[in-house]
Amino acid sequence: MSLVFAAVCSHAPGITGRAHLADPARKDALHGELYRLGESLREARPDALIVIAAEHFANFFMDNMPAYAIGMADHYEGPIEDPGWLGIARTRVPGNAALSQRLIADVMNDVDVAFAEEWKFDHGIMVPLHFLTPRFDLPVIPVNINCQGPPLTPLKRAWAFGAALRRACDTVPERIALVGTGGISHWPATPDSGKVNEAWDRDFLDRWARNDRAALLDYSDASTYRDAGQGGFEIRTFIAVAAAARGRGEIRHYAPIPIFSVGCTVATMSIE
Amino acid sequence: MSLYGTQKLLFHLNRDAAVQKRYREELPALLEDYELVAEEREAILAGDIGKLYVLGANGQLLMHFAALLGMPWADYIEAMREGVRRHGPVREGIYAMTTSTDEKVAGV
């Protein structure tokens, strides 16, 4: 089979951990769209879910930082953060090591990836799963793109990685769903937390929805840092999904929620 | 740069219960295992989130140290502002402050 579902969504820890501090109507609208994304995911009847995340030093650190890493285990655990802080109970999440191994071997034809037989999920994966697979019953294959510790992989390599992942999905019989998670512009975990460059976000989402490769890759890290903060480096996950899906995006939800530190986004992309 | 040592300690502290136990029971000895300059060691010993922020600690590491210290979100954000008030702008890393010290962006 192949890729049967592609989407992106926000993963900010405040979405669950600081839900009680947000405007209830805005919070409910976002949570509702995230649950609805989960329904769409299930309608695609996937055998496994690849989550392309940008983790925050849960597994990978500057002592040995991979630009790209893919999990290769039969189970994972999360959240690594304090469950009370995140508002998500610690749980075991199923994986599929054999499927991971086949995908990794194929991706390696085009992109050198690290693999990991141990992986603790942080909020970057747990917050999306909390809404998309609330029973944590769908095998997950975690993918990480280093968006935290410079030097960072160039955007054109994030595109190449997404394209390689798609080719790998096309070689396996399983039905694969793909979700990229990250912020667009945001300045998380700083005193600026809550600042969002909405115009920049909407322009980026427009480029993403058109799946305009040249426009998506037309950012430097310096311009992203200036206009979209260090959180903006996570656009790599959205770019990889666009390269994998090859289709057009539908922005289902976009709304800045300051206490969640990000312009909260839910979007799907057709698969071509 | 010794910022690496500070961040490595925070990385271990965030993910390893054994390191958290040593943090509680024998902090000075724990700090001997990391390459730190005096002001980093003093900031960690004091749990001085504002100073660690100014020294350049990555926010994704620092916010969990703040949580470990039991700081509510608003106090953590304010501690970083207070750090900038007392010690000046962030010196390294990618988590510099771009708003003013009297601005409450998200209402906290």
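First, a word on what this report is: a plain description of the structure on this page. For clarity, every value in this text was computed on a predicted model and none was experimentally measured.

### Quick notes on the overall build of chain A
Then, in step 1: Across its full length, chain A holds 10 helices and 10 strands.
Then, in step 2: Computed over C-alpha atoms, the radius of gyration of chain A comes to 17 Å, within 12% of the 19 Å expected from 2.2 N^0.38 for 272 residues, which places it in the range of a compact globule.
Then, in step 3: Principal axes of the C-alpha set define a box for chain A whose edges measure 45 × 40 × 40 Å.

### Comments concerning the overall build of chain B
Then, in step 1: Across its full length, chain B holds seven helices and zero strands.
Then, in step 2: When its helices and strands are written in sequence order, chain B yields α-α-α-α-α-α-α.
Then, in step 3: A compact globule built from 108 residues should have a C-alpha radius of gyration of about 13 Å, and chain B, at 13 Å, falls within 12% of that.
Then, in step 4: In terms of principal-axis extent, the alpha carbons of chain B reach across some 40 × 30 × 20 Å.
Then, in step 5: Looking at chain B residue by residue over its 108 residues, the buried ones come to 36%.
Then, in step 6: Across chain B, the fraction of contacts at a sequence separation of at least 24, relative to all contacts at a separation of at least 6, is 68%.

### Some words on the sheet that holds strand 3 (residues 68–71) of chain A
Residues and elements named next belong to chain A.
Then, in step 1: Spatial ordering of the open sheet is given by 6-3-7-2-8-1-10-9, a layout of eight strands whose pairing is mixed. In this open sheet, the two strands that pair with only one neighbour each are strand 6 (114–116) and strand 9 (246–257). Averaged over neighbouring strand pairs, the angle between their axes works out to 20° when direction is ignored.
Then, in step 2: Where strand 1 (residues 3–9) lies against strand 8 (residues 176–181), six bridges are found, and the strand directions are parallel. Directly across from Ala-7, in strand 8, lies its bridge partner Val-179.
Then, in step 3: Where helix 7 (residues 198–210) meets the sheet, it contacts strand 9 and strand 10 (262–271), and its direction lies at approximately 160° from that of strand 9.

### Details of the pairing of strand 7 (residues 140–145) of chain A
All names here are of chain A.
Then, in step 1: Of all six residues that make up strand 7, six are buried, and the element is covered over most of its length.
Then, in step 2: Every second residue of strand 7 is oriented toward a common face, with Val-140, Pro-142 and Asn-144 on one face and Ile-141, Val-143 and Ile-145 on the other, all of them buried.
Then, in step 3: The pairing of strand 2 (residues 48–53) with strand 7 spans five bridges and is parallel. Bridge pairing in strand 7 places Ile-50 opposite Ile-141.
Then, in step 4: Across three bridges, strand 3 lies against strand 7 in antiparallel orientation. Opposite Tyr-68, over in strand 7, you have Ile-145 as the bridge partner.

### Digging into the interface of chain A and chain B
Then, in step 1: Contact with chain A, which involves 27 residues of that partner, is made by 24 residues of chain B.
Then, in step 2: Residues of the side of chain A that touches chain B, tallied by class, amount to 14 nonpolar, seven polar and six charged.

### Description of the environment of B:Glu78
All names here are of chain B.
Then, in step 1: With respect to the helices, strands and loops of the structure, Glu-78 is situated in helix 7 (residues 73–87).
Then, in step 2: On the neighbour-count criterion, Glu-78 (18 C-beta atoms within 10 Å) is partly exposed.
Then, in step 3: Separated by 30 residues in the primary sequence, Glu-78 and Val-108 place their C-alpha atoms 7.8 Å from one another.

### Things to note about the nonpolar core
Then, in step 1: Core analysis: the largest hydrophobic core is formed by 116 residues, its most contacted members being A:Leu178, A:Ala240, A:Val241 and B:Leu62.
Then, in step 2: Element by element, the count of residues in this core is highest for helix 10 (residues 235–245) of chain A, at nine residues.
Then, in step 3: Residues in contact with B:Leu62, not counting those within four places in the same chain, are A:Ala189, B:Leu10, B:Ile49, B:Leu52, B:Tyr53 and B:Ala57.

### Side note on the pairing of strand 10 of chain A
All names here are of chain A.
Then, in step 1: Strand 10 sits mainly inside the fold: eight of its 10 residues count as buried.
Then, in step 2: Pairing between strand 1 and strand 10: three bridges, direction antiparallel. Bridging across to strand 10, Ala-7 finds its partner in Thr-268.
Then, in step 3: As paired strands, strand 9 and strand 10 are joined by nine bridges and run antiparallel to one another. From the neighbouring strand, Pro-256 faces strand 10, where its bridge partner is Gly-263.
Then, in step 4: Where strand 9 folds back onto strand 10 in an antiparallel hairpin, the turn is made up of four residues, including Ser-261, whose phi is positive at roughly 70°.

### Considerations on the packing of helix 4 (residues 97–107) of chain A against helix 6 (residues 155–170) of chain A
Residue and element names in this part refer to chain A.
Then, in step 1: Where helix 4 meets helix 6, the axes come as close as 8 Å, and the angle between the chain directions of the two elements is 130°. Overall, the two elements helix 4 and helix 6 adopt an arrangement that is oblique. When the axes of helix 4 and helix 6 are compared, the crossing they make is right-handed. Residues Leu-103, Asp-106 and Val-107 of helix 4 lie in contact with helix 6, whose contacting residues are Ala-164, Leu-165, Arg-167 and Ala-168.
Then, in step 2: Class assignment for the residues of the contact of helix 4 with helix 6 results in five nonpolar, no polar and two charged.

### Section: the environment of A:Glu77
All names here are of chain A.
Then, in step 1: Looking at the secondary structure, you find Glu-77 in strand 4 (residues 75–78).
Then, in step 2: Glu-77 sits in the partly exposed class, given 15 other C-beta atoms within 10 Å.
Then, in step 3: Taking C-alpha positions, Glu-77 is 5.8 Å from Val-93, a pair spaced 16 residues apart along the chain.
Then, in step 4: Ignoring sequence-local partners within four residues, the contact set of Glu-77 consists of Arg-90, Arg-92, Val-93, Lys-120 and Phe-121.

### Considerations on the environment of A:Met62
Then, in step 1: With respect to the helices, strands and loops of the structure, A:Met62 is situated in the loop between strand 2 and strand 3.
Then, in step 2: What makes A:Met62 partly exposed here is the crowd of 16 C-beta atoms within 10 Å.
Then, in step 3: Sequence separation between A:Met62 and A:Pro150 is 88 residues; the distance between their C-alpha atoms is 9.0 Å.
Then, in step 4: If we skip the residues at most four places from it in the chain, A:Met62 touches A:Gly149 and B:Tyr4.

Rules of the game
- Residues numbered from 1 in each chain as written.
- Chains lettered and ligands numbered in written order.
- Predicted model: local features only at pLDDT ≥ 70, side-chain atom pairs only at ≥ 80, totals over all residues.
- Helix = DSSP H or I, 4+ residues; strand = E, 2+ residues; numbered from the N terminus.
- Rg over C-alpha atoms; globule rule 2.2 N^0.38 Å.
- Buried ≥ 20, exposed ≤ 12 C-beta atoms within 10 Å, placed from the backbone.
- Contact = placed C-beta atoms within 7 Å.
- Pairing = 2+ DSSP bridges.
- Axes fitted to C-alpha atoms, helices over the stretch in contact; angles between N-to-C directions.
- Nonpolar A, V, L, I, M, F, W, Y, C, P; charged D, E, K, R; others polar.
- Core = buried A, V, L, I, M, F, W, Y, C linked by C-beta atoms within 7 Å.
- Parallel < 35°, antiparallel > 145°, perpendicular 65-115°, else oblique.
- Left-handed = near helix turned anticlockwise from the far one by under 90°.

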